[in-house]
Amino acid sequence: MDIDQHYSHHTDETFLLQQLRERYPDGPSLYQLAPLDQLHIGGIKASEKLLLQLEQLKPARILEIGSGIGGLMRMLTTNKSTEVVGIDITHRFNRLNRAISQLTAPATSPDVLTCDARQLPFVDNSFDCIIFQHSLLNIPHTDLCLQECRRVLNSQGSLLLHEVLQGPNPDSMRYPVPWASGATQSHLITFEAMRDLLQQNNFQLERAENWSDEALQWRQRQAKKEDSVKSTSNLSPAKILGKTFSQMGPNVIANLNAGAVEVWQLSCHGQKG
Ligand SMILES: C[S@@+](CC[C@H](N)C(=O)[O-])C[C@H]1O[C@@H](n2cnc3c(N)ncnc32)[C@H](O)[C@@H]1O
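Scoring rules and cut-offs
- Residues numbered from 1 in each chain as written.
- Predicted model: local features only at pLDDT ≥ 70, side-chain atom pairs only at ≥ 80, totals over all residues.
- Heavy atoms only, no water.
- Core = buried A, V, L, I, M, F, W, Y, C linked by side-chain atoms within 4.5 Å.
- Buried < 20%, exposed > 50% of the residue type's maximum accessible area, 1.4 Å probe, protein only.
- Helix = DSSP H or I, 4+ residues; strand = E, 2+ residues; numbered from the N terminus.
- Pairing = 2+ DSSP bridges.
- Right-handed = clockwise from strand over helix to strand, strands pointing away.
- UniProt positions renumbered as here; feature names shortened; annotations may be inferred.
- Near = heavy atom within 4 Å.
- Polar contact = N/O pair within 3.5 Å; in protein donor to acceptor, adjacent residues only side chain to side chain.
- Areas by Shrake-Rupley, 256 points an atom, 1.4 Å probe, with all protein chains shown as cover.
- Contact = heavy atoms within 4.5 Å.

## Digging into the nonpolar core
L20, I41, V164, W179, I240 and V261 are the most contacted members of the largest nonpolar core, which totals 37 residues. At the level of elements, helix 1 (3-8), helix 2 (13-23), helix 3 (30-37), helix 6 (91-103), helix 9 (212-228), helix 10 (238-241), helix 11 (245-258) and strand 7 (261-270) are the ones that each hand at least two residues to this core. Residue contributions to this core peak at five residues, all from helix 11.

Now the structure itself:
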């Protein structure tokens, strides 16, 4: 199964948009959308932590790679002094991102392109900051992807990663997980491998935080909430990821508990080669 199929063949977009319109006639807030559009472990709280880092960096032009249906992008664009571009390989996600942004108050028109992160359609030095939030985990050839980032990022630009990395016990890995139906779609590397690849691609690692404990607690809380409001009208990642989300959530908990995966936040900046 292609990665875009994994992500987009479960969603009835027309029904979902209708539901959002009926439920939130004045437009959904970013918090109301969060169960649906923050498709990463840690939800909107994790995105807020990234925003805090960006407040210090003050980038003028940001590229979000693997922007999904736009949870983080909509948060980023509330800062009018920052230009934000998103790319995602799943075309239906980009369409849904635009459609949801039109429902919010005020309506926004996100700048999103459908393309592969390993071949970015931008000239050299186009951005001050690049963000990956649970998207590098799907991309084979992390090296190729980092080379492309280096090329399109200004020489001193920042690279922020909020990613799932391989833990010490990869053999315990259970599928499906939200980012992959099976092993062929999951491309996790260890923290040590990531650190080496960053260095080889002239990125200076400034901060590395293991968010796994927090991620586990967050997923356990979400599971309780999902159990207590099991209704087809409820907004949850199942609306996007389909019925197997009922296995994905528990598998994330099992994988974090077993050390098959870890959740990290890494901040880097470019250095001269
Ligand atoms: C787990 S989702 C995360 C989406 C979003 N970042 C979020 O946190 O809500 C991973 C996203 O990466 C995108 N993706 C996977 N492989 C990609 C590639 N090679 N190039 C660009 N986007 C990709 C998928 O289509 C999907 O939208």
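Structure's up, so let's keep going.
## Some points on the pairing of strand 5 (residues 153-166)
When you tally the buried positions in strand 5, you get ten out of 14 residues, the bulk of the element. Relative to strand 5, strand 4 (residues 127-133) runs parallel, the two sharing six bridges. From the neighbouring strand, Q133 faces strand 5, where its bridge partner is H162. Regarding the hand of the β-α-β motif, the stretch spanning strand 4, helix 7 (residues 142-152) and strand 5 is right-handed. Pairing of strand 5 with strand 7 involves nine bridges; the strand directions are antiparallel. Pairing of L161 across the sheet is with L266, part of strand 7.

## A few points about the environment of T244
By the secondary structure assignment, T244 is in the loop between helix 10 and helix 11. It is 8.9 Å that separates the C-alpha atoms of T244 and S181, two residues lying 63 residues apart in sequence.

## Considerations on the UniProt feature "domain: Methyltransferase type" (unreviewed entry) in the protein chain
Within this numbering scheme, the UniProt entry marks residues 63-160 as carrying the feature "domain: Methyltransferase type" (unreviewed entry). Across residues 63-160 one finds 31% helix and 29% strand; the C-alpha atoms that close the span lie 10 Å apart.

## So, the site of the ligand
Around the ligand, the surrounding shell holds 21 residues, and the nearest of these are L39, H40, G66, D88 and T90. Taking T90, its side chain carries an N or O atom lying 2.6 Å from an oxygen atom of the ligand. Interatomic distance of 2.8 Å between a backbone N/O atom of Q133 and a nitrogen atom of the ligand. Expressed as a share of its isolated accessible area of 600 Å², the protein-covered part of the ligand is 98%.

## What to know about the side chain of H162
Tracing the sequence through the fold places H162 in strand 5. The buried category is assigned to H162, whose relative accessible area is 0%. There is a polar contact of 3.5 Å between the side chain of H162 and the backbone oxygen of I41. Side-chain polar atoms of H162 contact the side chain of Q133, separated by 3.2 Å. The residues contacting H162, other than those within four sequence positions of it, are H40, I41, A46, L50, F132, Q133, H134, W211, V263, W264 and Q265.

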